[in-house]
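Structural characterization, general
Take a look at the letters that make up each chain.
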Amino acid sequence: MFKKKQQRVCRCSSTQRAPTLNSQISRGTDHTVRLEDVKEGFSLLGNKKQFCQAYAHIVQTPELSPNHSNWCQDMNDPCSTKPVIAMALLHENDINAPKYVARYTNCADTNHAEDFLLADKTLEDHLKAVSSPHILTLFLSLQPCHYSSNATTQSCTNNLLSWIKNSINLSFTKIELIFSYPYRTHWDVKHFNDQEIKRYGKAISNAKIGLKILLQSKLIKVRGMQADDWKVLLEYCDKSVQEDWTSVENPDATYGKTFKELRAEMDLFTNKVIDTYRANSF
């Protein structure tokens with residue numbers, strides 16, 4: 001039986017406040033924000049900077065190309081990439097509006113975003129009440145860890161699969177996991193010095209094993225972001241982000257042509273990483 005992980009002390013309630021995605025709707029130690037709780041005038045994924053922190057930021061990735069560089073909505077004041085986000089959208093089908101939407105934000109160095117997702121009793125209640133075909137879509141900033149983060153004893157991969165197995169009626173609910181960037185799985189040690197290899201070698205190995213475990217599981221479908229996924233996430237951003245995204249004629253748009261081309265390149269890379277491990281199982 002899957003046991004929910006005991007919550008550790010959250011530093012967000014202390015003077016050493018951990019980064020949060022959207023301080024306007026993050027209340028103290030509450031890292032779970034449901035769509036129905038969002039106050040008028042605010043959104044689940046926030047403004048340009050907050051959306052960049054959550055999903056859109058492009059990390060410098062030499063494995064993609066030797067000259068690859070990072071992209072941020074403001075290169076003069078880069079956003080923090082400390083926040084890691086998970087979103088859950090429960091649909092009865094692909095056409096109707098989702099029955100349940102929530103956003104989960106990590107607490108740096110204590111709890112991962114997945115911890116809060118798996119502890120969401122309201123989501124669990126919705127899933128237990130399902131009696132017709134549904135789809136649960138999980139959008140993650142990063143591939144779930146597998147003893148591959150600074151929390152070396154934690155596997156969000158194993159925790160997530162255990163939760164699905166024990167909390168969801170898979171006869172009715174299909175699970176799709178979508179992440180915007182791999183987590184250490186793609187790292188090529190040829191770009192590392194000896195000290196970095198010593199520090200990260202085990203984490204890289206574990207991350208690769210974790211992705212293989214996810215891809216071999218029959219409980220869940222795993223892929224990277226695609227063009228239509230960004231349209232879904234955009235619905236939960238501030239109106240200013242939506243207008244900026246659709247301003248195709250505005251050369252100064254933050255999320256304009258240049259971003260979309262760079263993001264499409266990164267999404268293709270992420271899906272290629274996933275497909276490589278899909279084809280090369282244990």
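A brief structural summary. (Residues numbered from 1 in each chain as written. Predicted model: local features only at pLDDT ≥ 70, side-chain atom pairs only at ≥ 80, totals over all residues. Heavy atoms only, no water.)

**Section: the sheet that holds strand β2 (residues 85–91)**
Hydrogen bonds along the backbone pair up the strands of a sheet, which may run parallel or antiparallel. Ordered in space as β1-β3-β2-β4-β5-β6, the six strands form an open sheet in which the pairing is mixed. The open sheet has two edge strands, β1 (32–34) and β6 (221–224), and neither has a second partner. For this sheet the average axis-to-axis angle between neighbouring strands, irrespective of direction, equals 20°. Note: β1 against strand β3 (residues 100–105), three bridges, orientation antiparallel. From the neighbouring strand, V33 faces β3, where its bridge partner is R103. Across the face of the sheet, helix α6 (residues 227–234) comes into contact with β2, β4 (134–140), β5 (173–179) and β6 while running at roughly 90° to β4. (Pairing = 2+ DSSP bridges. Helix = DSSP H or I, 4+ residues; strand = E, 2+ residues; numbered from the N terminus. Axes fitted to C-alpha atoms, helices over the stretch in contact; angles between N-to-C directions. Contact = heavy atoms within 4.5 Å.)

**As for the packing of aromatic side chains**
Tallying each qualifying case throughout the model produces 13 aromatic pairs. Here the aromatic rings of W230 and F259 are separated by 6.5 Å at their centres, their planes lie at 85°, and the arrangement is edge-to-face. Placement of W230 in helix α6 and of F259 in helix α8 (residues 257–279) is noted, with a sequence separation of 29 residues between them. On the basis of relative accessible area, W230 is assigned to the buried category, the value being 3%. Through successive ring pairs, a cluster of aromatic residues spans F51, W71, W230, W245, Y255 and F259. (Phe/Tyr/Trp six-rings, centres within 6.5 Å; stacked < 30°, edge-to-face > 60°. Buried < 20%, exposed > 50% of the residue type's maximum accessible area, 1.4 Å probe, protein only.)

**Section: the nonpolar core**
Of all hydrophobic cores here, the largest spans 65 residues; its most connected members are F51, Y55, M87, L136 and W163. Discounting chain neighbours no more than four positions away, the residues touching L136 are A88, L89, L90, L123, L127, W163, I168, T173, K174, I175 and E176. (Core = buried A, V, L, I, M, F, W, Y, C linked by side-chain atoms within 4.5 Å.)

**Describing the pattern of salt bridges**
According to the stated counting rule, one finds eleven salt bridges in the structure shown. Residues R223 and D229 are paired through a salt bridge, measuring 2.6 Å at the closest nitrogen-oxygen approach. Each member of the pair, R223 together with D229, is buried. Here D267 ties to R263 by a salt bridge, and the two come within 2.9 Å at their closest N and O atoms. (Salt bridge = Lys/Arg side-chain N within 4 Å of Asp/Glu carboxyl O.)

**Some points on the environment of P182**
With respect to the element layout, P182 can be found in the loop between β5 and α5 (194–216). We classify P182 as buried; its relative accessible area is 2%. Each C-alpha atom, one on P182 and one on K208, is 9.8 Å from the other, the two residues being 26 residues apart in sequence. Excluding residues that lie within four positions of it along the chain, P182 makes contacts with L142, Q143, F269, T270 and V273.

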